[in-house]
Amino acid sequence: MPTGGEASAVAEQSQRSRARRRRRRLLGRSLALTSVALLALLYYRPVRTYFDRRAQLTRRQAEVRALARQNRTLARGVRRTATGAELVRQARLLGLVKPGERLFIVKGIDAWLRAARAGGSLVLRSGSP
């Protein structure tokens, strides 16, 4: 059995070893926390760049889809105007005539239509407005 002096030495030694273990544990925790903070600091910019690029890619893809829709619409318009009947119709709207035809400009049609509708004497034939 240990004597009083030996018992206090054993108690002191056990207390020192507990303090050492606590310091090691604290050192390990602070080392782990420092490592995590360092990794977060090192990965911050690449992760932010990744998310920025991903958002930019999403915007660009939406823009490409919108432009593709517009392209399809324009292509349909080109195909439609490539037909002879449509070209003639567009030319007539611009006031163009075929060679040998005579151009007549009739003014006041809208006023005549309003007056005729108001008087009830408007008789429309097929193909007329």
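Heads up: the structure comes first, above all this text.
Read on for a plain summary of the structure. The residue numbering used here restarts from 1 in each chain and proceeds along that chain's sequence as written. The model is predicted, so local features are restricted to residues of pLDDT at least 70 and side-chain atom pairs to those at 80 or more, both for listing and for counting; the totals for chains, interfaces and linings are taken over all residues. Excluded from the side-chain calculations are hydrogens and water; all other atoms, namely the structure's heavy atoms, are used.

### As for a nonpolar patch on the surface
- Note that patches include only residues with greater than 30% relative accessible area and no salt bridge, and the join distances are 9 Å for like charges and 5 Å for nonpolar side chains (Val, Leu, Ile, Met, Phe, Trp, Tyr). Using the Shrake-Rupley algorithm and a 1.4 Å probe, accessible areas are obtained, with residue cover drawn only from the displayed protein chains. The term salt bridge refers to a side-chain nitrogen of Lys or Arg lying within 4 Å of a carboxyl oxygen of Asp or Glu. On the surface, Leu-38, Leu-39, Leu-41, Leu-42, Tyr-43, Val-47, Tyr-50 and Phe-51 cluster together into a nonpolar patch covering about 860 Å² of accessible area.
- Here a helix means four or more residues in a row that DSSP labels H or I, a strand means two or more in a row labelled E, and each is numbered from the N terminus. Summarising the element assignment, Tyr-50 is placed in helix 1 (residues 4–81).

### Section: a positive patch on the surface
- Positive: Lys, Arg. Negative: Asp, Glu. His and the chain ends are not part of the count. The atom standing in for a charge is NZ when the residue is Lys, CZ when it is Arg, CG when it is Asp and CD when it is Glu. The grouping of Arg-18, Arg-20, Arg-21, Arg-22, Arg-23, Arg-24, Arg-25 and Arg-29 at the surface amounts to a positive patch.
- Here Arg-22 is to be found in helix 1.
- Classification of residues uses two cut-offs on accessible area relative to the type maximum, computed with a 1.4 Å probe and protein chains only: under 20% is buried, over 50% is exposed, and between them is partly exposed. With a relative accessible area of 53%, Arg-22 lands in the exposed category.

### What to know about the pattern of salt bridges
- A full pass over the atoms with the stated rule returns three salt bridges.
- Glu-12 serves as the salt-bridge partner of Arg-16, at 3.0 Å between the closest nitrogen and oxygen. Linking Arg-16 with Glu-12, this pair stays in helix 1, spanning four residues, or about one helical turn.
- Between Glu-86 and Arg-89 there is a salt bridge, with the nearest N and O atoms lying 3.0 Å from each other. Taken together, the positions of Glu-86 and Arg-89, both in helix 2 (residues 84–93) and three residues apart, correspond to about one turn of that helix.

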